[in-house]
Structure formats: C-alpha cells, structure tokens
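# Structure at a glance
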Amino acid sequence: MLESYVTPILMSYVNRYIKNLKPSDLQLSLWGGDVVLSKLELKLDVLEQELKLPFTFLSGHIHELRIHVPWTKLGSEPVVITINTMECILKLKDGIQDDHESCGSHSTNRSTTENTKPSVKPRRIQQAAPTDPDLPPGYVQSLIRRVVNNVNIVINNLILKYVEDDIVLSVNITSAECYTVGELWDRAFMDISATDLVLRKVINFSDCTVCLDKRNASGKIEFYQDPLLYKCSFRTRLHFTYDNLNSKMPSVIKIHTLVESLKLSITDQQLPMFIRIMQLGIALYYGEIGNFKDGETEDPTCHDKDMLGNITGSEDETRIDMQYTAQYKGQELYSQQEDEQPQGWVSWAWSFVPAIVSYDDSEEDFLGNDPTSAMHQQKAQTLRDPIVSIGFYCTKATVTFKLTEMQAESSYYSPQKVKSKEVLCWEQEGTTVEALMMGEPFFNCQIGFVGCRALCLKGIMGVKDFEENMNRSETEACFFICGENLNMKGLTYLTNSLFDYRSPENNGTRAEFILDAAHHKETYTEVAGMQRFGAFYMDYLYTVENIISKGSANQQDFSPGKSEDMGTVQEKSTKSLVIGPLDFRLDSSAVHRILKMIVCALEHEYEPYSGLKQDIKDENETVLNPEEVASLEEYIPTRHTSITLLKCTCTIVMAEFNLLDHLLPVIMGEKNSSNFLNTTNFQSLRPLPSIQILVDKINLEHSVPMYAEQLVHVVSSLTQPSDNLLHYCYAHCYLKIFGFQAGLTSLDCRGFYCLPVPIIPSFSTALYGKLLKLPTCWTERSQIAITEGIFELPNLTIQATRAQTLLLQAIYQSWCHIGNLNSLSVNEALMNEIFQTTGVKSKNPLPTLEGSIQNVELKYCSTSLVKCASGTVGSIKICAKAPGDSGKEKLIPLLQGPSDTKDLHSSKWLNESRKPESLLAPDLTAFTVQVPQYMDYCHNSGAVLLCSVQGVAVNIDPVLYNWLVYQPQKRTSRHMQQPVIAVPLVTPISRKKEDEVSVGSAPLAKQQSYQASEYASSPIKTKTITESRPLSVPVKAMLNISEGCRSPEERMKEFVGVVWNAVKSLTLQLEVQSCCVFVPNDSLPSPSTIVSGDIPGTVRSWYHGQTSMPGMLVLCLPQIKIISAGHKYMEPLQEIPFVIPRPILEEGNAFPWTISLHHFSMYTLFGKQVTFCLVEPMGCTSTLAVTSQKLLATGPDTRHSFVVCLHVDLESLQIKCSNPQPQWHSGSAPPAAWGVILETRDLVPRRAPCMEPASPSACVSASLSLCL
C-alpha cells in the first residue's frame, strides 16, 4: 500500500534531526494519520554538520511536533507538518581562531566518515523493501513526487538566539507557513506536468521580531533594549523550473522575498553590538572564520595544490579549482557534499541548493528504480548546474537611531528603567538585493534603491533643536536626500522579480539569464542601473573561466593526476557602485548627530575575529623556473572596485551651536566621554550663511591582487621580477573629480537657499596612489617603492571679495572656536553686500580678487630608506576686478609667475621690444626633495633639495589696499535671530553649590568659555542640574599652558637645533630668478586684452601710450643661487627616488654653501617716459660655513655650540635720489628741471685712499668677512 512507501520517507526526515525517537511508535502513529510528539530534542551535531557554519548549538528543542497525513486524499490534500515553539541557541565555536588540528587527524576523520556512510544506507533500504504488485513503480514515483511537492510546513513561535561576549541576538517569528500555490500565487494542490514544468511555493512570515540586548558577566540581561525589528511580516515566493518530469534537480530556481514596510530601531547601546554582528557577516563572507571543518587544518601541505596554484586561480574562499574538476568527472554532484574541500561563503550557500529543492539520497532506493536509469539521470544532471536567483525587495525601510538614558522610578527601591529618545532617522524606498549564481564559476549580486533621506528628530546633547514646540519644517529636518520619489519612479525596483506582473514567470514564459561576463558588463552598465533605481546601484560580479592551455606549467597544482583535462583557471572579481544625485547638508544638528553615533560606536571595542598574520617570508619558499614565471605573467587575478558619485551637492552651514569639544576628543582617542547635561534654549539663526559645494562626478577605482600574500611571496623570491609582476604586487587607487565648484549661499526663514555666489569656479583634478602589499617581504630591496602617489591639477581659480572672505571666516570660526564667538554675529550690511537682490545693482561694488594656479603636478614616493617628493607648478596669476569709470569692469594684474624678469633690473627694457608670454614657457617652480627615513642611520646619505623658481612680477596696486581695509557696518540685522545657548557645565558633585554661586555672581560675558554658545548678545542665566564646574578654562588646558610657558631663549635654542638637524647633511641646490615688484600710487589696469595679466607688459603699455601714467616704484629683488659644497648642477626635476653623484655621509660636509645674489635694483617711473634710478643694479657673492660641537650635557637635553663663518664679496652699491622721487606717492611728477641727482657711494671702502670723495663714474666694491 501507499503507507509502505510514504512512511519511510517521512520517518527518515524526522529521525535524522530528532533525538531519542522510537521508529516503531512513529510508524504506528503515521499509519493512524496524525502524529503528535512533545518535548523533542534536536540532534545538534547533525545540524552543525549539515549547516557547515562556525557556530555550535548550545541547545535546540521542539515543544510540539504535529504531522497530519490524509491517507484517503493523499493525491488531493497536502501533508501538513506543524511545529509549535521551536527554540535554538547558537554561539561561535570555541577556539575558532586558534590553531586547527593536524593533517593526520584530518585524514583520519575523513576516512572514518567514508567508512561509516555506506553502512547506514543499506540498513535503511532493507527496512523499506516491501513492494506491492498492484502499484506500478511509475505511479508510485509520480504520487510520491506529488505528495512531497505539496507538503505544507507550519512553524508557530520560532525562537533563534545567538550569544557572543556580552551580545544576545534573538529572532522570534510568531508564524511561518510554507505551501504550494498556482499560477496566480494562490493556495492550490499542484504538481509539475509535461506542459507546465513549473512548481511554485509561498512562505509567509508573520510578526518577526529581532532583539539585541547586552548581558552582564553572569549572563543576565539587566535592561532590555527596544527591539531592532518589531512585528515585521513578509512573504517569499519560490519558483522552480524543471527540464523534464524525471529531473531530480530544477534547472532554474527563484527565491524572492518582499517586505512592504521594514522599521528598524537602534539605540546607542545596541550600535556597537550591531556593528559586531555586521563584522561577523563580513568575516563569514570572506572566509576569515569558519573556513575549516572539524579536524581540518590550515597547513598548506594538507591541500592538494601549492602556492602557484593558489595564485593562478584558487583560494580557500572559493576552492573553485578542486570542485570544478570533480564536478565533471562523473561523480555525483550533490550527494558528496560532506567530502568536499573546505569552502567559503559562496560554496557554503551553494551547498544548500539541493537541500532546499531535492529529495533525500535514499528516496531513489525507496522507489525501487532501476540503478542503471538512475545513473544516467545523475550524469545528465551533472552536465549543467542549476541557475539560482535569490532576491530581497523592500518597499519602504526606516532606521531610527535612539539615545538612551536611565530613569529612576518614584520609589527609592524601584528598579531603573531605560528611556530612549529618537534623534536620527534614515528612510529608504524601493530597495532591491538580488543574487544570481550558476554553480560556483558564476556569481552576481546587485543591490540598489530608488531613494533615501536622513532626518533630524527631537534634540541632541541637551540642545532642543527639533522638539515639537520648535515648529520647524520637515525640509529643515532633512539633511540628506538622494535619488527620486518612489511614487514618481514606479515599481522599477521589482523588475523581473516574482512580484512583478510583467516578469516572464508571471506570463507563462521561461526567463533568460545573462551568464557571460562580457555580455553582463555590456547590459548592466551604470546608466542602466541608475535608470532602474536612481539613488544607489551596486553590481558585484565574480566569474571563473577554465582556459584550456596544453603544456601549462601549473596544471598539476589544480588536481593531481588529472592535469591533462584541466586548463588554467582565471578568476575575475569586479564591483561597481554608483550613487545618484544627492544633497547633503552639514549643519549643527546633522554634524552633532553623526558624530554622536560615531562616539557611541566607539564606546565598546571587541576583539577582531581574525588576527593579522605576520608578514614573514617563508624560508623554504620554492623558486619558480622560467616556464612557471611566464605562466604566472599570463594572468594574475585581481579584485577591482569602482565607486562613482553623480551630481553631489554638499552644503556646509554656519554652526548654530557647537559642542564638538565633547565629541571630537572621544573620536580621536584622547579621553573618554563625560556625562553632562546641557540646559539650552535654542533659537535658529536666519538668514543662515552657508558654503555650497557642487561636484559633477567623483570616480574612485581600487584594484588589489586577489591572492596578495601568495603572489608577493613568489615575486619577492625572484631575482629580477618584471614590471608587470611588480605592478600586481601593489594595491592601486585612482581618484578623479570632475566639475568641482563652490560658492556662498544663504538659508532664509522659509527654508529656501538663495542663488549661490561663486567662489571657486568649476575645475577637475586627479589623484593616484599605490601601496605595496606585505612590505616586510621586500626589506632586502631598498629600491622598491613602498608607497607612491601622483597628484594632478590642471587649473584652479579662486575669486572673492573682502566681504565674502569675512563671511567664510565667520563660518570657519563658528566650527573651530576661534576668537570671541560673540563677534561672529553676521552683519546685515555684509549679507546684503554678498547676496544682492536680483536686478538691483550695488552703488559701490567691491573689488574682487581672483587667483589661479595651473598645471600642478606632484609626486610622492617612499622606500625602506628614503622619502622623496617632486613636482612642478606651471603658473600662478592673481588679478583684481574693480569697477571702472564708464561702468565697465577693469582688470588689474597683481601677481604673475612665471614672468620674464631677466632684464627688469634696468629701465632699458622699457624702450626695447618685449615678447608676449609664450605658452611653452618653463614651469614656475620645479623641485625635488629626498629625505632619509631614519636621520640617525649611519649608512644613509643626507637629505637633498633641488629647487628652481622662475621670475615673478608683483603689482602692489592701491586696489589691493582697498580690498584689505573693507569693513562692514556695525549695525546688525533686525531680521536675524541670534541663538541663545547656555554652556554645558561639568564638575564634581562635591563642588556643585559653590559652582552655582560662582556662576550666579559673575556675568557670563566675563567668563572664559570654549563652547560655541556665545552667539548670545546678552548674559544668560544658567541652572546647574547635574555635575557641573564653573565657566572657566578647563584644568587640562591650564596644565598645558603652564607646561608650555618657556622662555624665548629656550624656544630659540630648540629652533636652532631643529634647523641644524635639517641642514647639517643637506645637499642644496636652489635657483630663484628675480622677483620684480611694482608699486604704483594709482590703479594700473590692463589697457587691452592682449597684455591682460602681463604686469611688465601693462607697465610698458602705460609708459609709452598713456600720458597720465601714475608714479611708480620698481623694486627688483636679486636673483638667488645657493649650492652646497661639492655638489654639481643637476636638473631640479628628477625621477624619484634618485641617487646624487656625491652624497653627504658625514655631518657638516654640506658646508660651505656658496650664495650668489645678483641684479638687485630700484628705480621710479613717471609720466612722459621719465625714469629715475634709486639703486643701481648690484649683487654679492658669499660663502657660509657652519660647524658644531656637542657640549657636555648639563640637563636632560644635549646642546650644541656652533661656529659660523660668513664671507661676503659686495659689488658696487650706488644709491641715487632726485627731487621728484620723494614725491612720487603724491601722484604729481615735478618738472624735469628739478632733476638734481644726489649720488652716494659705498661706506665700506676696500682701500684707505678710497675714503676721499670719488667721481660719479667711479666704481667702488667691498668685501666683508664675519666670523662668529
């Protein structure tokens, strides 16, 4: 009868997981149609073996198990299995991070398992051998398949608990039911047929509650926190597609879950524990823990492959190489899961696929099928792995962050209660998490959501900024917005899911999947991802390709004895993240809430799951032959990550309150968080000035070798590794920023921002860096770069009026506690001057300074011996834009570099033709600096500085003075509301009363404070409620001040010691071209666009073409050339790191320095091409020698005595003065007839006869020697 076939199947499942169960009693109960079993204990060892997780079950029991079998309607009604109250408690296995057992025990356990497995199966077959000639095998097979496909499973009150350290994580599901459905996902009794090879199931979860609590040392939970998730219901749809009726395994499996509303709540005490749980999941994913089963070992000799095999395409995380071969060697794919190699997360997840959808291994034996046909069926199944699609969809998710405080009851003996207050909320819409896999060679995960935002709730740290009585709008509370509204976007996040009515499965067609890496990248682009979601999109793709390569040198590393059938395995891992248009506002409320979350997360630190391995090179490392090296260079697997941000807007708002001195020290690890109570009366400041930053696109790319440790050990053992191999031994990072711009804006009382006033126009920049993996393996190769960075800036322009810089300074001071914060009140005139009404012109527009820097390239490199940097700066230009006489804006150049100043020391250049600045002009600055890592290391050469600076022209125009002296009116705006904030008080309780007296007896304005509460315009009364301290300089700050009170002589000695350590072994080469400074007594704008920005060209144009040229003083600073002893000239820009021809190995060998100064002069220019000289061109050559000697230590520090010898050879110094020159600043040039020139000569003659008055044409030189 049917009982003889169905009963053993049900018994096999129950008996596998239930302890101390009598098969005879179970069999008699099943034949009666109903089974009721109470107080059952689970076989914990069986669960641990099948789950293969690094957890151990502390307990597991079922309160009641009911099985209902409708024997009379077995073909039309389902078998119902009901579990009432099932509870399991788990924890991490003990010693999971300790050393594992040896290889010998591993092999013994494997052999024992293999010997015991066959003995179980025949006994079960012998127990269920009866056959009935009235029931043909085909009918029995179809009926049993029909029964199993329609089994209903109901679990009431499922409780799962996980304990670790002080963490207790519990999951409670009130009801979970799994049943079979029809095409419209309604409950039905279904089975697969030849026309419809599809099976659908639904799992409904009701009232899921997740709690996260902290237990004490005794294991008790003193205070219960708010649940993380409270009574959340969701449903799961399962869709199985078979190739034919006889298929044991579906060809396509889809498991999709939909949650309409997900509300999470995290308190400040739960946050560290929540982060710990997330770290556990990451450690499980990357195989850092739980990567080895009982009895297995981490010893590389226990593996079936060596180091090279790991590098070329295998890792403990996936073990693709061993399993990929075994799957196609005729072995049964799913029945040998216990015998496989240790696996990572992907392999572990894949092992559950057959357990979810297939029968037990013994079912075929119960059915009495032909072994030959079963063998052919198994071979057909191994030809292709099933396609598995897992999806999670959430319509709306909310995460609320709460701060807790202890609250005592009215009675003294009443226990304390935890009271929580919401301070931060994160809302997210249209969330999708999809995973697609086909065996282990292909895995894809896509995550995205349509929109999200973050809001401030209630108060923070005593500041009641968003309490209900504040009547602040939701727009002001929202400080982060990303993506679009779900109502406007539609149901795109459900595309092709089982909950999408347009999906192929819901329309009777078979879904098509993209399982090719190249086709996948072409289809799922960043544009396609953002069109579907809009806020965030992540695509993770991991593929393994078997490249057939005969004669490959490392085939033996994959599968010993079968290398002839195995080629090179190539792994690829790419991760792409795209974040859509976002608006981020950093105001006081948002910043304090974010930092408070960080402080709460740092309050409790847990031990890491996996300790860092020592980067020690194996002495027994095998040296590769040339063929193996060539094979290794063909392909090296890497992990590539790309992060792209599109259309980012960040607004930095002026601080309305500032309590960062209580948060930042905790984050920086300086001190612990102190409990304090802030009595605050908050009032918002309107209009509120802000800095708005806009970025079109930010792209960050990161690549790292997939098996860095093995790769570095192999490459570092090579005598001369190629550049390609060295390239893959680094972690590379590329950062590109496009369209970065910044401006000033203001938030009005309605919550809207005015049009931003540009400060930094749009520019782009790029940064590249690389870091050597396992640098301790390269200690013998000092030339290998450990870190390297390159920075490129094509163009950067900054423009601002003086009023705008004052407003920027006020915003900066509001966050940094600089100066008297009472002076930070924003002036109405200042705001009106910056943010002018549209269409209204200012009566007195302010001048604008505009500075630009172009073609900046910087490079940094560090090795085990030196740190070095080099770079170039193309040009720097500063000009002023001021209103002109006719209403047009005039351009006044103020600084130009590089500029041709070689001939500017003499006024002859005014009468000669001057070529315009060439685009091929040399860079303004080129430098190279190299510093030893260890200054006291005896074998290190000294530091090297090579620098070259081209000529610079400076115009000190009166408009610069007008820009600097601008001051806004002192009258403040009557429309602006200043915040009234009291300062938090923190003192011991014993001093509470006297502190209150001190606070009440002295005005608040006279007390020193480091708080950001001094926006108040009048003294405020404060009331001490908890531990407090009078308003004064903190004790720690006073101690630092007393310790830092040193005499100027001690500071000078310390400064001299620092300078001497820097220059005593310095190889110096410095070249600075002349800097020409023009000082006119009136503005000197560029007369045309041809010479725009060229200061000498502008002066020459006014000198020849304008009759009203203002008086001007020209100061030509000397050309400077400094070179250390024994050094030969080198190009200032060197490829770093580099070696100089004559390094300085001993202290003081860098001296003497040769210092040359040439072409210093001064002259004045007047209208009508009149020129008078003040100082004729002159120069000097000097030699500087310094030696030092250590004095006997008379204190804790060792002092030096210095001997300085300076020899100076002066050229002729000629100073001239005419009558018009003292009056040049008045702007009126005297007549040329007043040109009586007074000429003075050197006061330090070389010979005694030269003391007599000399003729004007005589040339006197001087030599000066000074020895200290």
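Positions within a chain are numbered from 1, following the residues in the order the chain's sequence is written. The predicted nature of this model means local features are confined to residues of pLDDT at least 70 and side-chain atom pairs, given and counted, to a pLDDT of 80 or more, with totals for whole chains, interfaces and linings taken over all residues. Side-chain figures throughout are based on the complete set of non-hydrogen atoms in the structure, without hydrogens or water.

### Comments concerning the overall build of the chain
Where we set the bar: For the purposes of this entry, the term helix denotes a DSSP run of H or I that reaches at least four residues, the term strand denotes a run of E that reaches at least two, and both are numbered from the N terminus. Each residue's exposure class comes from its accessible area (1.4 Å probe, protein chains only) as a fraction of the maximum for that residue type: buried when under 20%, exposed when over 50%, partly exposed otherwise. We call two residues in contact when some of their heavy atoms are within 4.5 Å. All accessibility values rest on the Shrake-Rupley procedure with a 1.4 Å probe; residue burial counts only the protein chains present in the view.
Along the backbone of the chain there are 27 helices and 38 strands. Out of the 1268 residues in the chain, the part that is buried amounts to 47%. Of all intrachain contacts in the chain linking residues separated by at least 6 positions in sequence, the fraction that spans at least 24 positions is 77%. About 65100 Å² of surface is accessible on the chain, with carbon and sulfur atoms providing 56% of the total.

### Considerations on the pattern of salt bridges
Where charged atoms from two side chains of opposite charge come close, those side chains can pair. The cut-off we apply is this: By definition, a salt bridge exists where a carboxyl oxygen of Asp or Glu is found within 4 Å of a side-chain nitrogen of Lys or Arg.
According to the stated counting rule, one finds 21 salt bridges in the structure shown. For the salt bridge of Arg-532 with Glu-434, the shortest nitrogen-to-oxygen distance reads 3.2 Å. Note that Arg-532 is positioned in helix H15 (residues 526-532) and Glu-434 in strand S10 (residues 417-438), a separation of 98 residues in sequence. Take Glu-434: its relative accessible area is 17%, and that puts it in the buried class. Through salt bridges that share partners, Lys-770, Glu-788, Lys-859 and Glu-1135 make up one connected network.

### What to know about a nonpolar patch on the surface
Counted only if it meets this: By definition, no residue in a patch forms a salt bridge, and every one has over 30% relative accessible area; like charges are joined within 9 Å, nonpolar side chains (Val, Leu, Ile, Met, Phe, Trp, Tyr) within 5 Å.
Taken together, the side chains of Met-1052, Phe-1055, Val-1056 and Val-1059 define a hydrophobic patch exposed on the protein surface, amounting to about 350 Å² of accessible area. By the element assignment, Phe-1055 lies in helix H26 (residues 1048-1063). Given the relative accessible area of 52%, Phe-1055 is considered exposed.

### Quick look at the environment of Val-163
Mapping Val-163 onto the fold places it in strand S4 (residues 152-164). Judged by relative accessible area, which is 14%, Val-163 ranks as buried. In this structure, the C-alpha to C-alpha distance between Val-163 and Lys-91, residues 72 residues apart in sequence, is 5.2 Å. Beyond its immediate sequence surroundings of up to four residues, Val-163 is in contact with Leu-58, Leu-90, Lys-91, Leu-92, Val-168 and Arg-215.

### Thoughts on the confidence of the model for the chain
Rules: Confidence of the predictor at the level of single residues is given by pLDDT, which spans 0 to 100.
With 69% of its residues at a pLDDT of at least 70, the chain reaches an overall mean of 75. Across residues 97-135, confidence stays below pLDDT 50; counting only partners more than four residues off in sequence or on other chains, it has 47 contacts. Contacts of residues 1227-1268 to residues separated by more than four positions or lying in other chains number 67 contacts, the stretch itself having pLDDT below 50.

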